[in-house]
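Here is what each chain is made of, one letter per residue.
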Amino acid sequence: MCGPSASIIQVCKRWHVLCYDGQLWTTFDASEFYKDIPVEKLAGIIIKAGPFIRHLNLRGCVQIQNYWRVELVSNACQNLLSANLEGCKLERNIVHNFVGTNTSLLQINLSGLISVSNMTCRLLGQKCPRLTSLDISWCSGVDSRGIRKIIENCPELRELKASECGRFDEASPMQAIFKSNSLERLYLSGCESLTDESIRIMVEGRNADIDPLTGRTTAPPRKLKHLDLSRCSRLTSATLKHLAYNVPDLEGLQLSGCEGMTDEGFEALLPTVPKLTHLDLEECTQVSNTTVLALAKAPCAVTLKHLQLSYCEQVGDVGLAPLIRACPNLTNLEIDNTRVGDFTLEEIAIRTRNRKVSSDRLGAFVGLRVVIYDCPSISWHGVREVLVRNAVKVPSRAAHGQVVQIKCYYGWQMTVDEHLKRVLRGDLCSANRLESKWAEHMVAVEEGHGRRRRRRRRGDALWAPEDGDDGDEEGAGAASSWRNGRRRRGASCVVM
C-alpha cells in the first residue's frame, strides 16, 4: 500500500487529500519508495498519519535527518508497535523521543546508529517493558552494561541482536541473561570480548550447583533456539562443553570463524541438541572428519537442513559420505575449499534422487543445493554424474522427484545451470543431449592436452644426445637451448 499511495499523490487534488488519510498508513514502510519522493512529502505523510501508524520502517532514510521539522515526525508517532530506524543517522534526542513516546513498543531496530548509547538502553528498559525484539548491533556506544539494563527490565524479551558490542567478559551481564532465561534468539557475532567463562555463566550461572552423579549443573535448561557466536575469536571447545545438555531446544548454531573449536567439543555437544537444523562451521580450521561423523551419528542428523563447512580443509569423503546417508532432510550443503571428491558427489546424487516425494509434487524440483567450487579433488566426472542422475526419471514413481543444484567451477557453471533449467521444465531429452555434448567436449580437451604433451616429449627426444656420444655437454646444451628458445617464442606470442 505504501508504494502505490505515495506515487498517486500527484494525480489530482482529491487523490492528494485521500493519500494523506492516516487510516491508509497503519503500516508505513518507506524503505521501498523514500528515494522517489521529497523529504517534505515523506515527513508530511508521517506527521498526518502518525496516530494511526503501528509499524514504522524508515530503514535507509538518511535524508530525514536534514529535515528541519524532524522533531514533529518523532512526536507524531506515539502508538508504534514496531520501529526500524536502521541507517537513519538520527540525533540522540530524536531517538530518545521515539523511545520515550512509544511505551507499547514490541520490536525496535537501532542497528548501526552511532547516536545510540547505554543511556538509550536504560531508557528502553524503563519506557518499553513489553519489548520482545531488540537489534543494537554495530552501535559503537553500547556495551554489555547497557544490555544488562534491558535484560533486567524487559522480562518478555525473546530476541537480542548485539553484534560487535563490547565488555562481555564481565560477569554481571551474563548473569542477568542466566537469571532471565527468556531469550530464544541471541546474536553475539563479532563480540571479541566474549570468553568461555562468559558462556559458562550464561548457561550455568555464576555459582553453579553441580550434580555429583552426572557432573552437570542442576540449573534448568536454557530456552535458546538460535545462537550466533561467529567471529568470537577467544572461544574454544570449552564453550561447546558448557553448552552441552544446557540448550536442548537449540535449532541454529553459528560458529563461523571460531578457529579454537575442535572435534572434542563437537563430540560433546552434538548428541545433546536433537532439534538442530542449521549448523555453520565456516573457517573452523580444526574441524575434521571426526566432527562430521559425530554429526552423522547424532539424533539431529534427521532434522538437519543447512550445513556450512566451507574452508574446513580437514574434511573429506570419509566424513561426508556417511553424513549424506544419515541426513534425509538436508537442503543446503556448502563444502567449498575442502578435500571432498567425486565419491561424495555421487553419494549426494544417489541419495537425493531416492528421497521420497509427496503425491502433490509432480515435476522436478531442487531438493539439495551444494556448493563445491575450489575443491581440488572434484573433477568434471563427478559433476557429470550429478547431471546424469538429475535427468534420469525413477520408473517406480510418477513424479520426477528431487534433483541436485550445484555451484561449481565457473568454467562449468553455465552448462550446469542450463542443464538444471531443462530438467526442471521436464525437457529430459534436451538435458541428456547437453550432458553428452559437454562430456565429449571435456574428453576432447583432455586428449588435446595429452597430444600436446606427447609432441613436446617427441621434440625433446629429437634433440637429446645419443648414448655414448662424446659431446654430451654440447648435445645437452643444444637441447636446452632449443627448449629455452621455444619457451621464449611461446611467451612472446602470449604477450602479443
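What you see as residue numbers is a count from 1 along each chain, following the sequence as written. Per-residue local features of the predicted model are confined to residues with pLDDT of at least 70, and side-chain atom pairs are confined, for both listing and counting, to 80 or more; whole-chain, interface and lining totals are unaffected and use all residues. To obtain the side-chain values, all non-hydrogen atoms of the structure were used and water was disregarded.

Caption draft 1: Layout of empty space enclosed by the protein. Whether a set of points on the 1 Å grid over the protein atoms alone is a cavity depends on a 1.4 Å probe fitting there but being unable to get out, while an open set qualifies as a pocket with protein on both sides within 12 Å along at least five of seven lines; lining residues are those with an atom within 4 Å of a point. Grid points are joined across faces, edges and corners, and a volume is the space filled by probe spheres set on the points. Under the defined criterion, the tally for this structure stands at 3 cavities of 30 Å³ or more. Approximately 60 Å³ is the volume attributed to the largest cavity. Of the residues assigned to the lining of the largest cavity, the class counts are 5 nonpolar, 2 polar and 2 charged. Here the second largest cavity is characterised by a volume of approximately 40 Å³. Each residue gets one of three labels, nonpolar for Ala, Val, Leu, Ile, Met, Phe, Trp, Tyr, Cys and Pro, charged for Asp, Glu, Lys and Arg, and polar for the others, Gly among them. Split by residue class, the lining of the second largest cavity holds 5 nonpolar, 3 polar and no charged.

Caption draft 2: Molecular detail of unusual backbone geometry. With a phi close to 65°, Arg 167 is a non-glycine residue in the positive phi region. Put simply, DSSP H or I for four residues or longer makes a helix, DSSP E for two residues or longer makes a strand, and each gets a number counted from the N terminus. Within the fold, Arg 167 resides in the loop between β6 (159–161) and α8 (171–180). A simple rule labels every residue: compare its accessible area, found with a 1.4 Å probe on the protein chains alone, to the largest value its type can have, and call it buried under 20%, exposed over 50%, or partly exposed in between. By relative accessible area, which is 35% here, Arg 167 ends up partly exposed. Positive phi is not limited to glycine here, since Glu 283 has a value of about 65°. Mapped onto the fold, Glu 283 is located in the loop between β10 (278–280) and α12 (289–297).

Caption draft 3: Region of the structure containing the pairing of strand β13 (residues 364–371). Summarising burial for β13: 6 of the 8 residues are buried, a large majority. Of the strand pairs in this sheet, strand β12 (residues 332–334) and β13 are connected by 3 bridges, and their pairing is parallel. Of the residues in β13, the one forming a bridge with Leu 333 is Val 370. With its strands directed away from the observer, a crossover is right-handed exactly when the path from the first strand over the helix to the second travels clockwise. Read from β12 through helix α14 (residues 342–353) to β13, the crossover connection turns out right-handed. Pairs of strands are assigned from DSSP output, requiring at least two bridges between the strands. Both β13 and strand β14 (residues 401–407) contribute to a ladder of 7 bridges, which runs parallel. If you follow Leu 368 over to β14, its bridge partner there is Val 404.

Caption draft 4: Molecular detail of the pattern of salt bridges. When a carboxyl oxygen of Asp or Glu lies within 4 Å of a side-chain nitrogen of Lys or Arg, that pair is called a salt bridge. By the definition in use, this model includes 16 salt bridges. Across the salt bridge formed by Glu 86 and Arg 59, the nearest N and O atoms sit 3.3 Å from each other. Placement of Glu 86 in the loop between β3 (82–84) and α5 (92–101) and of Arg 59 in the loop between β2 (55–57) and α4 (70–76) is noted, with a sequence separation of 27 residues between them. Each of Glu 197, Arg 200 and Glu 204 takes part in a single network of salt bridges with overlapping partners.

Caption draft 5: Spotlight on the nonpolar core. By convention a nonpolar core is built from buried Ala, Val, Leu, Ile, Met, Phe, Trp, Tyr and Cys residues, the set being connected through side-chain atoms within 4.5 Å. Judged by nonpolar contacts, the single largest core of 127 residues is most densely connected at Phe 28, Leu 58 and Leu 194. Among the elements that take part in this core, helix α3 (residues 39–49) stands out by supplying 6 residues, more than any other. Of all hydrophobic cores here, the second largest spans 7 residues; its members include Ala 364, Ala 391, Leu 420 and Val 423.

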